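In case you want the letters, here they are:
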Amino acid sequence: MATTKPWGGRFSEPTHELVERFTQSLDWDRRLYKYDITGSIAHARMLARSEILSVDECDSIVAGLESIDAEIVDGGFPWSSALEDVHMNIEAELTAKIGEPGKKLHTGRSRNDQVATDMRLFLRDAVDEQIHLLLVLQGLLLDVAEREAETPMPGVTHLQVAQPVTFGHHMMAWFQMLDRDRQRLVDARRRINISPLGSAALAGTSFGIDREFTARELGFDAPSENSLDAVSDRDFVIEYCSHAALLAVHLSRMAEELILWASERYRFIEIGDAFCTGSSIMPQKKNPDVAELIRGKSGGVVGNLVSMLVLVKAQPLAYNRDNQEDKSPMFDTVDAVTGSLQIFSAMLPSIEVDREQMRSAVENGFATATDLAEYLVGKGVPFRDAHEIVGKSVRYCIDNDLRLGDLSMHQFRQFSDEIGDDVYSVLTVEGSIRARNHIGGTSPMQVRAAISRARKRLEASK
Ligand code: ARG
(Lines give C-alpha, C1' and ligand atoms only; values in the text may rest on other atoms or scores of the structure.)
Protein backbone atom coordinates (compact mmCIF):
# COMPACT_ATOMS: atom_id res chain seq x y z
CA MET A 1 0.00 0.00 0.00
CA ALA A 2 1.32 3.43 -0.93
CA THR A 3 2.25 5.79 1.89
CA THR A 4 0.17 8.95 2.13
CA LYS A 5 2.23 11.84 0.86
CA PRO A 6 2.38 15.14 2.70
CA TRP A 7 1.51 16.68 -0.67
CA GLY A 8 -1.12 14.07 -1.58
CA GLY A 9 -4.22 16.33 -1.38
CA ARG A 10 -4.59 17.14 -5.08
CA PHE A 11 -3.75 13.60 -6.27
CA SER A 12 -6.25 10.86 -6.93
CA GLU A 13 -3.82 8.10 -7.90
CA PRO A 14 -0.98 6.72 -5.83
CA THR A 15 2.59 7.32 -6.94
CA HIS A 16 3.96 4.65 -9.26
CA GLU A 17 6.40 2.39 -7.50
CA LEU A 18 9.14 3.21 -10.04
CA VAL A 19 8.56 6.91 -9.50
CA GLU A 20 8.99 6.46 -5.79
CA ARG A 21 12.31 4.79 -6.34
CA PHE A 22 13.39 7.25 -8.99
CA THR A 23 12.52 10.44 -7.12
CA GLN A 24 13.65 9.57 -3.61
CA SER A 25 16.78 11.26 -2.34
CA LEU A 26 16.83 9.69 1.09
CA ASP A 27 19.74 7.40 0.22
CA TRP A 28 21.95 10.50 0.05
CA ASP A 29 20.28 13.33 1.93
CA ARG A 30 19.70 11.52 5.23
CA ARG A 31 23.26 12.58 5.81
CA LEU A 32 21.89 16.11 6.29
CA TYR A 33 19.63 15.12 9.20
CA LYS A 34 21.57 17.01 11.87
CA TYR A 35 21.41 20.24 9.87
CA ASP A 36 17.77 19.68 8.99
CA ILE A 37 16.93 19.39 12.69
CA THR A 38 19.00 22.44 13.64
CA GLY A 39 17.34 24.44 10.85
CA SER A 40 13.87 23.32 11.92
CA ILE A 41 14.51 24.23 15.56
CA ALA A 42 15.62 27.74 14.56
CA HIS A 43 12.56 28.06 12.31
CA ALA A 44 10.19 26.91 15.09
CA ARG A 45 11.70 29.39 17.57
CA MET A 46 11.31 32.17 15.03
CA LEU A 47 7.65 31.21 14.45
CA ALA A 48 7.01 31.40 18.20
CA ARG A 49 8.81 34.75 18.58
CA SER A 50 6.77 36.10 15.69
CA GLU A 51 3.60 34.77 17.38
CA ILE A 52 2.80 32.47 14.49
CA LEU A 53 3.11 29.46 16.81
CA SER A 54 2.39 29.39 20.53
CA VAL A 55 5.27 28.95 22.96
CA ASP A 56 3.85 25.54 23.94
CA GLU A 57 3.71 24.41 20.34
CA CYS A 58 7.27 25.54 19.81
CA ASP A 59 8.49 23.77 22.95
CA SER A 60 6.83 20.55 21.91
CA ILE A 61 8.32 20.82 18.39
CA VAL A 62 11.82 21.45 19.77
CA ALA A 63 11.57 18.54 22.23
CA GLY A 64 10.20 16.29 19.47
CA LEU A 65 13.04 17.22 17.10
CA GLU A 66 15.62 16.62 19.81
CA SER A 67 14.25 13.17 20.49
CA ILE A 68 14.27 12.44 16.75
CA ASP A 69 17.94 13.42 16.68
CA ALA A 70 18.64 10.89 19.45
CA GLU A 71 16.58 8.26 17.64
CA ILE A 72 18.58 8.73 14.43
CA VAL A 73 21.86 8.48 16.33
CA ASP A 74 20.63 5.24 17.97
CA GLY A 75 19.69 3.82 14.60
CA GLY A 76 16.04 3.38 15.59
CA PHE A 77 14.55 5.98 13.24
CA PRO A 78 11.93 4.55 10.84
CA TRP A 79 13.39 5.88 7.57
CA SER A 80 10.96 5.50 4.69
CA SER A 81 11.95 6.19 1.11
CA ALA A 82 8.27 6.56 0.23
CA LEU A 83 8.59 9.86 2.10
CA GLU A 84 11.11 10.97 -0.53
CA ASP A 85 13.69 12.82 1.47
CA VAL A 86 15.19 13.58 4.85
CA HIS A 87 12.94 16.62 5.30
CA MET A 88 9.63 14.79 4.95
CA ASN A 89 10.87 11.82 6.95
CA ILE A 90 11.70 14.00 9.92
CA GLU A 91 8.51 16.05 9.65
CA ALA A 92 6.33 12.95 9.40
CA GLU A 93 8.01 11.37 12.43
CA LEU A 94 7.65 14.62 14.36
CA THR A 95 3.92 14.62 13.72
CA ALA A 96 3.71 10.95 14.64
CA LYS A 97 5.39 11.80 17.93
CA ILE A 98 3.80 15.11 18.99
CA GLY A 99 0.64 15.32 16.84
CA GLU A 100 -0.91 18.67 15.86
CA PRO A 101 2.07 21.03 16.49
CA GLY A 102 4.22 18.86 14.21
CA LYS A 103 1.92 19.73 11.33
CA LYS A 104 2.51 23.43 11.97
CA LEU A 105 6.30 23.35 11.66
CA HIS A 106 6.25 23.80 7.90
CA THR A 107 4.44 27.14 8.20
CA GLY A 108 6.21 29.89 6.26
CA ARG A 109 8.83 27.67 4.65
CA SER A 110 9.20 25.14 1.86
CA ARG A 111 11.51 22.25 1.23
CA ASN A 112 13.13 24.49 -1.37
CA ASP A 113 14.56 26.94 1.17
CA GLN A 114 14.92 24.13 3.71
CA VAL A 115 17.22 22.00 1.56
CA ALA A 116 19.31 25.02 0.55
CA THR A 117 19.69 25.91 4.22
CA ASP A 118 20.69 22.36 5.18
CA MET A 119 23.29 22.21 2.44
CA ARG A 120 24.83 25.53 3.40
CA LEU A 121 25.07 24.44 7.03
CA PHE A 122 26.64 21.13 6.00
CA LEU A 123 29.11 22.73 3.64
CA ARG A 124 30.09 25.41 6.14
CA ASP A 125 31.13 22.67 8.60
CA ALA A 126 32.94 20.71 5.90
CA VAL A 127 34.84 23.78 4.72
CA ASP A 128 35.80 24.67 8.30
CA GLU A 129 37.15 21.17 8.78
CA GLN A 130 39.10 21.30 5.53
CA ILE A 131 40.58 24.70 6.38
CA HIS A 132 41.74 23.17 9.66
CA LEU A 133 43.15 20.08 7.90
CA LEU A 134 45.03 22.33 5.48
CA LEU A 135 46.54 24.24 8.40
CA VAL A 136 47.70 20.94 9.91
CA LEU A 137 49.27 19.72 6.66
CA GLN A 138 50.90 23.09 6.04
CA GLY A 139 52.41 23.00 9.53
CA LEU A 140 53.85 19.52 8.84
CA LEU A 141 55.34 20.75 5.55
CA LEU A 142 57.06 23.55 7.43
CA ASP A 143 58.62 20.99 9.81
CA VAL A 144 60.03 18.98 6.90
CA ALA A 145 61.19 22.16 5.13
CA GLU A 146 63.01 23.28 8.27
CA ARG A 147 64.76 19.93 8.69
CA GLU A 148 65.76 19.77 5.03
CA ALA A 149 66.53 23.45 4.42
CA GLU A 150 70.11 22.55 3.39
CA THR A 151 69.44 19.24 1.64
CA PRO A 152 70.34 19.56 -2.05
CA MET A 153 68.17 17.86 -4.60
CA PRO A 154 67.93 18.19 -8.36
CA GLY A 155 65.39 20.83 -9.32
CA VAL A 156 63.79 19.61 -12.55
CA THR A 157 61.90 21.04 -15.49
CA HIS A 158 60.52 18.69 -18.15
CA LEU A 159 61.48 16.02 -15.59
CA GLN A 160 65.15 16.66 -16.60
CA VAL A 161 67.72 17.84 -14.08
CA ALA A 162 67.76 21.64 -14.28
CA GLN A 163 69.40 23.35 -11.28
CA PRO A 164 70.14 22.42 -7.70
CA VAL A 165 67.48 23.33 -5.16
CA THR A 166 66.96 22.19 -1.60
CA PHE A 167 64.36 19.68 -0.50
CA GLY A 168 63.20 22.33 1.96
CA HIS A 169 62.60 24.73 -0.92
CA HIS A 170 60.53 22.07 -2.68
CA MET A 171 58.41 21.52 0.45
CA MET A 172 57.83 25.27 0.61
CA ALA A 173 56.56 25.22 -2.97
CA TRP A 174 53.94 22.69 -1.86
CA PHE A 175 53.18 24.91 1.12
CA GLN A 176 52.42 27.84 -1.17
CA MET A 177 50.09 25.79 -3.37
CA LEU A 178 48.10 24.70 -0.33
CA ASP A 179 48.13 28.19 1.14
CA ARG A 180 46.29 29.53 -1.90
CA ASP A 181 43.82 26.65 -1.64
CA ARG A 182 43.17 27.53 1.97
CA GLN A 183 42.64 31.21 1.15
CA ARG A 184 40.17 30.25 -1.56
CA LEU A 185 38.15 28.14 0.91
CA VAL A 186 38.16 30.96 3.47
CA ASP A 187 36.83 33.29 0.80
CA ALA A 188 34.18 30.84 -0.46
CA ARG A 189 32.94 30.40 3.10
CA ARG A 190 31.68 34.01 3.09
CA ARG A 191 29.33 33.20 0.22
CA ILE A 192 28.30 29.84 1.71
CA ASN A 193 27.35 31.45 4.99
CA ILE A 194 24.16 33.20 3.84
CA SER A 195 20.69 32.09 4.99
CA PRO A 196 18.10 31.14 2.37
CA LEU A 197 15.59 30.26 5.11
CA GLY A 198 12.32 32.17 4.73
CA SER A 199 12.56 32.35 0.95
CA ALA A 200 9.95 29.59 1.11
CA ALA A 201 9.09 27.96 -2.24
CA LEU A 202 10.33 30.88 -4.35
CA ALA A 203 8.46 34.08 -3.52
CA GLY A 204 8.78 34.40 0.24
CA THR A 205 5.80 33.97 2.55
CA SER A 206 2.77 35.99 3.66
CA PHE A 207 3.50 35.20 7.33
CA GLY A 208 5.29 37.87 9.37
CA ILE A 209 8.56 35.95 9.66
CA ASP A 210 11.86 37.24 11.02
CA ARG A 211 14.62 36.13 8.68
CA GLU A 212 17.31 38.04 10.57
CA PHE A 213 16.52 35.95 13.63
CA THR A 214 16.84 32.56 11.93
CA ALA A 215 20.00 33.70 10.15
CA ARG A 216 21.51 34.69 13.49
CA GLU A 217 20.34 31.53 15.26
CA LEU A 218 22.02 29.38 12.62
CA GLY A 219 25.26 31.37 12.64
CA PHE A 220 24.76 32.76 9.14
CA ASP A 221 26.21 36.19 8.35
CA ALA A 222 22.96 37.46 6.79
CA PRO A 223 19.67 36.42 5.16
CA SER A 224 19.82 36.08 1.36
CA GLU A 225 18.66 39.13 -0.62
CA ASN A 226 16.35 37.54 -3.19
CA SER A 227 13.97 34.63 -2.66
CA LEU A 228 14.02 33.40 -6.28
CA ASP A 229 17.79 33.38 -6.29
CA ALA A 230 18.08 31.83 -2.85
CA VAL A 231 16.11 28.66 -3.68
CA SER A 232 17.72 28.11 -7.07
CA ASP A 233 21.29 29.18 -6.32
CA ARG A 234 23.83 26.37 -6.19
CA ASP A 235 26.81 28.65 -6.85
CA PHE A 236 28.05 27.95 -3.35
CA VAL A 237 28.36 24.24 -4.15
CA ILE A 238 29.95 24.92 -7.53
CA GLU A 239 32.40 27.38 -6.06
CA TYR A 240 33.34 24.92 -3.35
CA CYS A 241 33.69 22.08 -5.88
CA SER A 242 35.89 24.30 -8.00
CA HIS A 243 38.24 25.21 -5.14
CA ALA A 244 38.19 21.59 -4.02
CA ALA A 245 39.08 20.43 -7.54
CA LEU A 246 42.08 22.71 -7.61
CA LEU A 247 43.10 21.54 -4.15
CA ALA A 248 42.72 17.90 -5.21
CA VAL A 249 44.78 18.60 -8.32
CA HIS A 250 47.50 20.08 -6.12
CA LEU A 251 47.39 17.02 -3.88
CA SER A 252 47.64 14.81 -6.97
CA ARG A 253 50.81 16.62 -8.06
CA MET A 254 52.31 16.24 -4.61
CA ALA A 255 51.33 12.56 -4.50
CA GLU A 256 52.82 12.01 -7.93
CA GLU A 257 56.15 13.45 -6.77
CA LEU A 258 56.16 11.16 -3.75
CA ILE A 259 55.48 8.21 -6.05
CA LEU A 260 58.37 9.18 -8.34
CA TRP A 261 60.76 9.86 -5.48
CA ALA A 262 59.94 6.55 -3.82
CA SER A 263 60.49 4.61 -7.04
CA GLU A 264 63.51 2.41 -7.65
CA ARG A 265 64.84 4.89 -10.26
CA TYR A 266 64.95 7.80 -7.79
CA ARG A 267 65.13 6.36 -4.27
CA PHE A 268 65.03 9.90 -2.85
CA ILE A 269 62.57 8.91 -0.14
CA GLU A 270 61.12 5.90 1.58
CA ILE A 271 57.46 6.03 2.59
CA GLY A 272 56.69 4.30 5.91
CA ASP A 273 55.48 0.68 5.71
CA ALA A 274 52.23 1.68 7.40
CA PHE A 275 51.38 3.82 4.37
CA CYS A 276 52.28 1.33 1.64
CA THR A 277 50.79 -1.97 0.55
CA GLY A 278 52.20 -5.14 -0.93
CA SER A 279 51.46 -7.19 -4.00
CA SER A 280 49.44 -10.39 -3.82
CA ILE A 281 51.82 -12.04 -6.28
CA MET A 282 55.21 -10.28 -6.13
CA PRO A 283 56.64 -10.71 -2.63
CA GLN A 284 59.34 -8.03 -3.03
CA LYS A 285 56.90 -5.20 -3.77
CA LYS A 286 56.16 -2.21 -1.57
CA ASN A 287 53.73 0.03 -3.39
CA PRO A 288 52.82 3.68 -2.69
CA ASP A 289 49.07 2.95 -2.94
CA VAL A 290 48.03 5.71 -0.57
CA ALA A 291 49.73 8.35 -2.71
CA GLU A 292 48.28 6.73 -5.83
CA LEU A 293 44.77 6.87 -4.40
CA ILE A 294 45.18 10.54 -3.50
CA ARG A 295 46.22 11.07 -7.12
CA GLY A 296 43.32 8.94 -8.34
CA LYS A 297 40.59 10.51 -6.22
CA SER A 298 41.33 13.90 -7.75
CA GLY A 299 39.72 12.58 -10.95
CA GLY A 300 36.36 12.15 -9.26
CA VAL A 301 36.64 15.54 -7.61
CA VAL A 302 37.22 17.24 -10.97
CA GLY A 303 34.30 15.25 -12.39
CA ASN A 304 32.04 16.47 -9.57
CA LEU A 305 32.76 20.07 -10.50
CA VAL A 306 31.74 19.36 -14.08
CA SER A 307 28.60 17.51 -12.88
CA MET A 308 27.57 20.50 -10.80
CA LEU A 309 28.14 23.01 -13.59
CA VAL A 310 26.17 20.96 -16.09
CA LEU A 311 23.43 20.31 -13.51
CA VAL A 312 22.78 24.02 -13.14
CA LYS A 313 23.37 25.00 -16.75
CA ALA A 314 20.21 26.26 -18.48
CA GLN A 315 17.95 25.67 -15.47
CA PRO A 316 15.30 28.37 -15.42
CA LEU A 317 14.62 30.10 -12.10
CA ALA A 318 13.60 29.18 -9.49
CA TYR A 319 13.87 25.71 -7.91
CA ASN A 320 13.81 22.63 -10.18
CA ARG A 321 14.00 19.05 -9.07
CA ASP A 322 17.26 18.69 -10.99
CA ASN A 323 18.83 20.29 -7.96
CA GLN A 324 18.25 17.16 -5.94
CA GLU A 325 21.17 15.68 -7.91
CA ASP A 326 23.56 18.13 -6.23
CA LYS A 327 23.95 15.96 -3.14
CA SER A 328 26.28 13.24 -4.32
CA PRO A 329 28.81 15.52 -6.09
CA MET A 330 28.95 17.66 -2.97
CA PHE A 331 29.25 14.77 -0.50
CA ASP A 332 31.69 12.88 -2.68
CA THR A 333 33.91 15.95 -3.06
CA VAL A 334 33.89 16.62 0.68
CA ASP A 335 34.73 12.99 1.46
CA ALA A 336 37.50 12.68 -1.11
CA VAL A 337 39.18 15.94 -0.10
CA THR A 338 38.83 15.44 3.66
CA GLY A 339 40.12 11.87 3.36
CA SER A 340 43.05 12.89 1.17
CA LEU A 341 44.08 15.73 3.49
CA GLN A 342 43.87 13.52 6.57
CA ILE A 343 45.94 10.73 5.09
CA PHE A 344 48.51 13.04 3.52
CA SER A 345 49.16 14.53 6.96
CA ALA A 346 49.39 11.08 8.53
CA MET A 347 51.77 9.82 5.84
CA LEU A 348 54.12 12.81 5.61
CA PRO A 349 55.97 12.24 8.92
CA SER A 350 56.54 8.59 7.94
CA ILE A 351 58.71 9.63 5.02
CA GLU A 352 62.46 9.20 5.27
CA VAL A 353 64.66 11.33 3.07
CA ASP A 354 67.77 9.75 1.49
CA ARG A 355 70.07 12.78 1.39
CA GLU A 356 72.96 10.85 -0.20
CA GLN A 357 70.86 9.65 -3.04
CA MET A 358 69.45 13.12 -3.77
CA ARG A 359 72.94 14.54 -3.63
CA SER A 360 74.37 12.09 -6.16
CA ALA A 361 71.44 12.78 -8.50
CA VAL A 362 72.16 16.50 -8.39
CA GLU A 363 75.91 15.95 -8.87
CA ASN A 364 75.35 13.90 -12.01
CA GLY A 365 72.99 16.00 -14.04
CA PHE A 366 75.01 19.11 -15.03
CA ALA A 367 72.82 20.98 -12.59
CA THR A 368 75.35 23.79 -12.24
CA ALA A 369 75.66 24.52 -15.98
CA THR A 370 73.60 27.69 -15.54
CA ASP A 371 75.97 28.76 -12.77
CA LEU A 372 78.85 28.47 -15.24
CA ALA A 373 76.97 30.64 -17.75
CA GLU A 374 76.22 33.21 -15.05
CA TYR A 375 79.90 33.12 -14.03
CA LEU A 376 80.90 33.99 -17.62
CA VAL A 377 78.38 36.82 -17.70
CA GLY A 378 80.11 38.12 -14.55
CA LYS A 379 83.35 38.16 -16.57
CA GLY A 380 81.74 40.34 -19.24
CA VAL A 381 80.63 37.63 -21.71
CA PRO A 382 77.17 38.35 -23.21
CA PHE A 383 74.63 35.81 -21.90
CA ARG A 384 73.87 34.26 -25.31
CA ASP A 385 77.59 33.64 -25.93
CA ALA A 386 77.99 32.25 -22.43
CA HIS A 387 75.07 29.88 -23.08
CA GLU A 388 76.79 28.61 -26.23
CA ILE A 389 80.16 28.14 -24.47
CA VAL A 390 78.58 26.15 -21.63
CA GLY A 391 76.54 24.08 -24.09
CA LYS A 392 79.73 23.05 -25.84
CA SER A 393 81.44 22.27 -22.51
CA VAL A 394 78.50 20.04 -21.49
CA ARG A 395 78.59 18.26 -24.84
CA TYR A 396 82.33 17.63 -24.32
CA CYS A 397 81.69 16.25 -20.82
CA ILE A 398 78.93 13.92 -22.08
CA ASP A 399 81.22 12.59 -24.83
CA ASN A 400 84.04 12.00 -22.35
CA ASP A 401 81.95 10.84 -19.40
CA LEU A 402 82.95 13.78 -17.16
CA ARG A 403 81.21 16.26 -14.88
CA LEU A 404 81.78 19.99 -15.42
CA GLY A 405 83.83 20.18 -12.23
CA ASP A 406 86.14 17.42 -13.55
CA LEU A 407 87.40 19.60 -16.41
CA SER A 408 90.98 20.85 -16.05
CA MET A 409 91.77 24.54 -16.51
CA HIS A 410 93.38 23.58 -19.80
CA GLN A 411 90.18 21.91 -20.97
CA PHE A 412 88.03 24.86 -19.81
CA ARG A 413 90.26 27.29 -21.74
CA GLN A 414 89.42 25.49 -24.98
CA PHE A 415 85.91 26.84 -24.54
CA SER A 416 86.64 30.30 -23.13
CA ASP A 417 89.62 32.40 -22.07
CA GLU A 418 87.49 34.06 -19.41
CA ILE A 419 87.37 30.95 -17.23
CA GLY A 420 89.74 31.05 -14.24
CA ASP A 421 90.44 28.97 -11.13
CA ASP A 422 87.57 30.60 -9.26
CA VAL A 423 85.18 28.62 -11.50
CA TYR A 424 85.42 25.46 -9.40
CA SER A 425 83.62 26.88 -6.38
CA VAL A 426 80.87 28.17 -8.67
CA LEU A 427 80.33 24.66 -9.97
CA THR A 428 79.67 23.12 -6.56
CA VAL A 429 76.10 22.30 -5.62
CA GLU A 430 76.38 24.26 -2.36
CA GLY A 431 77.79 27.30 -4.17
CA SER A 432 74.95 27.20 -6.66
CA ILE A 433 72.29 26.93 -3.98
CA ARG A 434 73.82 29.60 -1.75
CA ALA A 435 74.03 32.04 -4.67
CA ARG A 436 70.26 32.12 -5.16
CA ASN A 437 69.90 34.41 -2.23
CA HIS A 438 66.86 36.61 -2.80
CA ILE A 439 63.21 36.44 -1.77
CA GLY A 440 61.78 33.25 -3.26
CA GLY A 441 65.24 31.79 -4.02
CA THR A 442 66.50 28.39 -2.90
CA SER A 443 69.41 29.45 -0.66
CA PRO A 444 69.03 27.97 2.83
CA MET A 445 68.93 31.46 4.30
CA GLN A 446 65.98 32.39 2.09
CA VAL A 447 64.22 29.09 2.70
CA ARG A 448 64.49 29.68 6.46
CA ALA A 449 63.20 33.22 6.06
CA ALA A 450 60.27 31.88 4.00
CA ILE A 451 59.53 29.30 6.70
CA SER A 452 59.46 31.93 9.39
CA ARG A 453 57.13 34.19 7.39
CA ALA A 454 54.93 31.17 6.74
CA ARG A 455 54.80 30.20 10.41
CA LYS A 456 53.63 33.69 11.31
CA ARG A 457 50.96 33.50 8.64
CA LEU A 458 49.74 30.12 9.89
CA GLU A 459 49.67 31.33 13.50
CA ALA A 460 47.59 34.34 12.44
CA SER A 461 45.11 32.06 10.63
CA LYS A 462 44.50 29.73 13.57
N1 ARG B 1 14.60 16.58 -1.98
C2 ARG B 1 14.65 17.82 -2.70
C3 ARG B 1 16.07 18.27 -3.00
O4 ARG B 1 16.95 17.65 -2.60
C5 ARG B 1 14.01 18.92 -1.92
C6 ARG B 1 12.58 18.93 -2.17
C7 ARG B 1 12.10 19.97 -3.04
N8 ARG B 1 11.09 19.30 -3.79
C9 ARG B 1 10.19 19.91 -4.50
N10 ARG B 1 9.37 19.17 -5.14
N11 ARG B 1 10.11 21.20 -4.55
O12 ARG B 1 16.27 19.26 -3.66
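Remember, it's a predicted structure, so these values are computed and weren't measured experimentally.

A.B. asks: Can you help me understand the site of the ligand in this one?
C.D. replies: The environment of the ligand is made up of Ser25, Asp85, Arg111, Asn112, Val115, Tyr319, Arg321, Gln324 and Lys327. At 2.9 Å, a side-chain N or O of Asp85 approaches a nitrogen atom of the ligand. One of the side-chain N or O atoms of Lys327 is found 2.7 Å from an oxygen atom in the ligand. With the chains in place, 86% of the 340 Å² that the ligand exposes on its own is no longer accessible. Counting residues per element, the shell around the ligand draws most heavily on helix α7 (residues 111-147), at three residues. When the residues that make up the shell around the ligand are grouped by side-chain class, the tally is two nonpolar, three polar and four charged.

A.B. asks: Please explain helix α12 (residues 289-312) as it appears in this structure.
C.D. replies: Turn by turn, an α-helix covers 3.6 residues, leaving residues three or four places apart pointing in a common direction. For α12, built from 24 residues, the straight-helix expectation of 34 Å at 1.5 Å per residue is met to within 8% by its first-to-last C-alpha distance of 35 Å. Of the surrounding elements, those touching the buried residues of α12 are α11 (235-262) and α13 (327-347). A positive backbone phi angle near 70 degrees is found at Ala314, which sits one or two residues after α12.

A.B. asks: Help me out: how do you make sense of the packing of aromatic side chains in this one?
C.D. replies: Geometry of an aromatic ring pair is reported as the spacing of the ring centres plus the angle between the planes. Tallied over the entire structure, the rule returns 10 aromatic pairs. The interplanar angle of 85 degrees and the centroid separation of 6.1 Å between the aromatic rings of Trp174 and Phe344 together place this pair among those described as edge-to-face. A residue pair is termed long-range when its members are at least 10 positions apart, and Trp174 in helix α8 (residues 167-192) and Phe344 in helix α13 qualify at 170 residues. The class for Trp174 is buried, based on a relative accessible area of 2%. Grouping aromatic residues by their ring pairs yields a cluster made of Phe167, Trp174, Trp261 and Phe344.

A.B. asks: Help me understand the environment of Ala318, please; the structure alone is not making it clear to me.
C.D. replies: Residue placement: Ala318 occurs in the loop between α12 and α13. For Ala318 and Val362, which are 44 residues apart along the polypeptide, the C-alpha to C-alpha distance reads 60 Å. Apart from residues no more than four positions distant in its own chain, Ala318 is found in contact with Leu202, Leu228, Val231 and Ser232.

A.B. asks: Would you mind going over the pairing of strand β2 (residues 160-166) with me for this structure?
C.D. replies: Residues in a regular strand point their side chains to alternate faces of the sheet. With six bridges joining them, strand β1 (residues 152-157) and β2 adopt antiparallel strand pairing. When the sheet's bridge partners are listed, Val156 is paired in β2 with Val161. Hairpin remark: β1 followed by β2, antiparallel, with two residues in the connecting loop; positive phi at His158, about 55 degrees.

A.B. asks: How do you make sense of the pattern of salt bridges when you look at a structure like this?
C.D. replies: If the charged atoms of two oppositely charged side chains come close together, the side chains can form a pair. All chains considered together, the criterion is met by 39 salt bridges. Arg234 is the salt-bridge partner of Asp326, the closest N and O atoms lying 2.6 Å from each other. On the criterion of sequence distance, the pair formed by Asp326 in the loop between α12 and α13 and Arg234 in the loop between α10 (227-232) and α11 is long-range, its members being 92 residues apart. On the basis of relative accessible area, Asp326 is assigned to the buried category, the value being 0%.

A.B. asks: Explain the packing of α7 against α8 to me, please; I cannot follow it from the model alone.
C.D. replies: The relative placement of two packed helices is expressed as an angle between their axes plus a distance between the axes. Two numbers describe how α7 lies on α8: the axes approach to 9 Å, and their chain directions differ by 165 degrees. As far as their axial angle goes, α8 and α7 are roughly antiparallel. In the crossing of α7 with α8, the sense of the turn from one axis to the other is left-handed. Split into classes, the residues belonging to the contact of α7 with α8 amount to 19 nonpolar, three polar and eight charged.

A.B. asks: Just checking my understanding: could you explain the side chain of Ser345 for this structure?
C.D. replies: Within the element layout of this structure, Ser345 appears in helix α13. Not counting chain neighbours up to four residues away, the residues in contact with Ser345 comprise Leu133, Val136, Leu137 and Leu140.

A.B. asks: I tried to follow the side chain of Asn193 on my own but got confused; where do I start?
C.D. replies: Within the secondary structure, Asn193 is located in the loop between α8 and β3 (194-195). Within the structure, the side chain of Asn193 is placed 3.1 Å from the backbone oxygen of Gly219, a separation counted as a polar contact. Residues contacting Asn193, with those up to four places away along its chain left out, are Arg124, Gly219, Phe220, Asp221 and Ala222.

A.B. asks: Mind showing me how you'd approach the packing of α11 against α12 here?
C.D. replies: In the contact formed by α11 and α12, the axes pass within 8 Å of each other and the chain directions differ by 160 degrees. Between α11 and α12, the angle is such that the two are roughly antiparallel. The interaxial crossing formed by α11 with α12 has left-handed handedness. Considering only residue class, the contact of α11 with α12 consists of 18 nonpolar, three polar and three charged.

A.B. asks: Is there a simple way to explain a nonpolar patch on the surface in this structure?
C.D. replies: Judged by side-chain polarity, Leu246, Val249, Val302, Val306, Leu309 and Val310 come together as a nonpolar surface patch covering roughly 440 Å² of accessible area. Sorting the residues of the nonpolar patch by element identifies α11 and α12 as the ones contributing at least two each. Here the element with the most residues in the nonpolar patch is α12; it accounts for four residues. Within the fold, Leu309 resides in helix α12.

A.B. asks: What exactly am I supposed to notice about the environment of Thr151 here?
C.D. replies: Mapping Thr151 onto the fold places it in the loop between α7 and β1. On the accessibility criterion, Thr151 (5% relative accessible area) is buried. Residues Thr151 and Arg216, 65 residues apart in the sequence, show an inter-C-alpha distance of 52 Å. In this structure Thr151 touches Val165, Thr166, Phe167, Arg355 and Met358, once residues within four positions along its chain are discounted. There is a polar contact of 2.5 Å between the side chain of Thr151 and the side chain of Glu148.

Calculation rules
For every chain, the first residue of the written sequence is number 1, and numbering continues from 1 along that sequence. In view of the model being predicted, local features appear only for residues whose pLDDT reaches at least 70, and side-chain atom pairs are presented and counted only at 80 or more, with totals across whole chains, interfaces and linings using the full set of residues. Values shown for side chains rest on all heavy atoms present in the structure; no hydrogens or waters enter the calculation. Put simply, a residue is near a molecule or strand once any heavy atom of it comes within 4 Å of that molecule or strand. N or O atoms within 3.5 Å of each other form a polar contact, as long as, within protein, one can give a hydrogen and the other can take it, and as long as residues adjacent in sequence are counted only when both atoms are side-chain atoms. Note that accessible areas follow from Shrake-Rupley with a 1.4 Å probe, and for residues the cover is restricted to the protein chains shown. For the purposes of this entry, the term helix denotes a DSSP run of H or I that reaches at least four residues, the term strand denotes a run of E that reaches at least two, and both are numbered from the N terminus. Note that Gly is not counted as nonpolar here; it falls among the polar residues with everything else outside the nonpolar set of Ala, Val, Leu, Ile, Met, Phe, Trp, Tyr, Cys and Pro and the charged set of Asp, Glu, Lys and Arg. For a helix, the expected span equals 1.5 Å multiplied by the residue count minus one. In this analysis, two residues are considered to be in contact whenever any of their non-hydrogen atoms come within 4.5 Å of each other. When the centres of two rings from Phe, Tyr and Trp lie within 6.5 Å, Trp using its six-membered ring, the rings pair. Their planes under 30 degrees apart give stacked, over 60 give edge-to-face, and anything left gives tilted. In this scheme, a residue with accessible area under 20% of its type's maximum is buried, one over 50% is exposed, and one in between is partly exposed, where area comes from a 1.4 Å probe on protein chains only. One requirement defines pairing of two strands: DSSP has to find at least two bridges between them. Should a side-chain nitrogen of Lys or Arg be within 4 Å of a carboxyl oxygen of Asp or Glu, the pair is scored as a salt bridge. Note on definitions: angles span 0 to 180 degrees between N-to-C directions of axes, and those axes are lines fitted to C-alpha atoms, for helices only across the stretch in contact. Any angle from 65 to 115 degrees is called roughly perpendicular, while one under 35 is roughly parallel, one over 145 is roughly antiparallel, and all others are oblique. Crossing handedness is read from the near helix: turned anticlockwise from the far helix by less than a right angle, it gives a left-handed crossing, and turned clockwise, a right-handed one. Any residue with relative accessible area above 30% and no salt bridge may belong to a patch, with like charges joined within 9 Å and the nonpolar Val, Leu, Ile, Met, Phe, Trp and Tyr side chains within 5 Å.

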